[in-house]
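Architecture at a glance
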Amino acid sequence: MIQNRFVIIDTETTGLSANTNHIIEIALVVVEKGRIVDRYTSLVDPGVAIPSGITAITGITSQMVFRAPRFFQIHEKIFDYLRDSILVAHNAPFDTAFMRSEFGRCGKIYAPPTLCTVQLSRKLFPMVIGHKLEDIIYRFKIPYKSRHRAEDDALVLWYFLDHVRTRFGDEKLAAVMRGLIR
């Protein structure tokens, strides 16, 4: 696998627009040399009520985040986790847009090298239809506790990466990943 440090990220948000919505949960799984070396998870108070549709999907309520930190209170800690790392996410443009917006609100510019696991799945399995996280969970029989919870979804990506590393080998996977990192 790529020898660089990478951080698998998943966020849950108040909606789909990074310009007008906010992160309500974040999970980071730090991987170095093919092993998880650290993890960080936090609910995040978005400063607004969580829409009922988001609660229906995530199970996260406004009451759950009421005493959680605001993003600006934890952004330095998150930034430290992400420093000098490749960011890995499923549908990475979504998570990176939210991270750019949240860091921007804190006065920081954030533009990491990024690997999208949707693109990775498409590249490694071009004949397969369906590369959503649910498809990957089903296809590879990946265990999880709660879908649409940040830590569980980030760990699903870890299991997926570990599976494809075993299946394709370190060298081939590293080459494919290097070609996809933006």
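These figures come from a predicted structure and were not determined experimentally.

Ranked by size, the top nonpolar core spans 29 residues in total, and within it Phe6, Ile8, Val88, Leu120, Leu124, Phe160 and Leu161 carry the most contacts. If you list the elements that add at least two residues to this core, you get strand E1 (6-13), strand E2 (23-32), strand E4 (86-89), helix H5 (117-124), helix H6 (133-140), helix H7 (150-168) and helix H8 (170-180). Here the element with the most residues in this core is H7; it accounts for nine residues. Among residues more than four places away in sequence, those in contact with Leu124 are Val164, Phe168, Leu173 and Val176. Core analysis: the second largest hydrophobic core is formed by 25 residues, Ala18, Ile26, Ile78 and Leu87 among them.

What follows concerns the packing of aromatic side chains. Under the criterion given, the structure shown has nine aromatic pairs. Judged by centre distance (5.6 Å) and plane angle (65°), the ring pair of Phe125 and Phe168 falls under edge-to-face. Taken together, the residues Phe125 in the loop between H5 and H6 and Phe168 in helix H7 connect sequence positions 43 residues apart. For Phe168, a relative accessible area of 22% translates into the label partly exposed. Positioned above the aromatic ring of Phe79, the side-chain terminus of Lys108 is 4.7 Å from the ring centre.

Sheet architecture is open: five strands sit in the order E3-E2-E1-E4-E5, paired in mixed fashion. On the outer flanks of this sheet lie strand E3 (35-43) and strand E5 (114-116), each paired with one strand and no other. Strand after strand, the sheet turns through a mean of 20° between neighbouring axes, direction not considered. Of the strand pairs in this sheet, E1 and E2 are connected by eight bridges, and their pairing is antiparallel. When the sheet's bridge partners are listed, Glu12 is paired in E2 with Glu25. Packing against the sheet, helix H3 (residues 71-82) makes contact with E1, E2, E3 and E4, and its axis sits at approximately 170° to E3. Its contacts with the sheet place H7 against E1, E2, E3 and E4, and it is angled at close to 145° to E1.

Following the criterion strictly, the structure yields 10 salt bridges and no others. Across the pair Asp162 and Arg165 runs a salt bridge, and its minimum N-O distance is 2.8 Å. Residue Asp162 and its partner Arg165 are located together in helix H7, separated by three residues, close to a single helical turn. Here Asp162 falls in the partly exposed class, since its relative accessible area comes to 24%. The exposure class assigned to Arg165 is partly exposed, which follows from its relative accessible area of 25%. Among the ionic contacts, a cluster of salt bridges with common partners joins Glu134, Arg147 and Asp153.

With that out of the way, let us pick up helix H4 (residues 92-105). An ideal rise of 1.5 Å per residue puts 20 Å on 14 residues; H4 measures up with 20 Å between its terminal C-alpha atoms. What H4 keeps buried is the set Ala92, Asp95, Thr96, Ala97, Phe98, Met99, Ser101, Glu102 and Phe103. Those residues of H4 hidden inside the fold are in contact with E1, E2, H3, E4 and E5. In the segment just after H4, Gly107 is the residue with positive phi, at about 85°.

Turning next to the environment of Arg67. You can see Arg67 is positioned in the loop between helix H2 (62-65) and H3. Separated by 17 residues in the primary sequence, Arg67 and Ile50 place their C-alpha atoms 14 Å from one another.

Cut-offs applied
Residues numbered from 1 in each chain as written. Predicted model: local features only at pLDDT ≥ 70, side-chain atom pairs only at ≥ 80, totals over all residues. Heavy atoms only, no water. Core = buried A, V, L, I, M, F, W, Y, C linked by side-chain atoms within 4.5 Å. Buried < 20%, exposed > 50% of the residue type's maximum accessible area, 1.4 Å probe, protein only. Helix = DSSP H or I, 4+ residues; strand = E, 2+ residues; numbered from the N terminus. Contact = heavy atoms within 4.5 Å. Phe/Tyr/Trp six-rings, centres within 6.5 Å; stacked < 30°, edge-to-face > 60°. Lys NZ or Arg CZ within 6 Å of the ring centre and 35° of its normal. Pairing = 2+ DSSP bridges. Axes fitted to C-alpha atoms, helices over the stretch in contact; angles between N-to-C directions. Salt bridge = Lys/Arg side-chain N within 4 Å of Asp/Glu carboxyl O. Expected span 1.5 Å × (residues − 1).

Read these as geometric descriptors, not functional statements.
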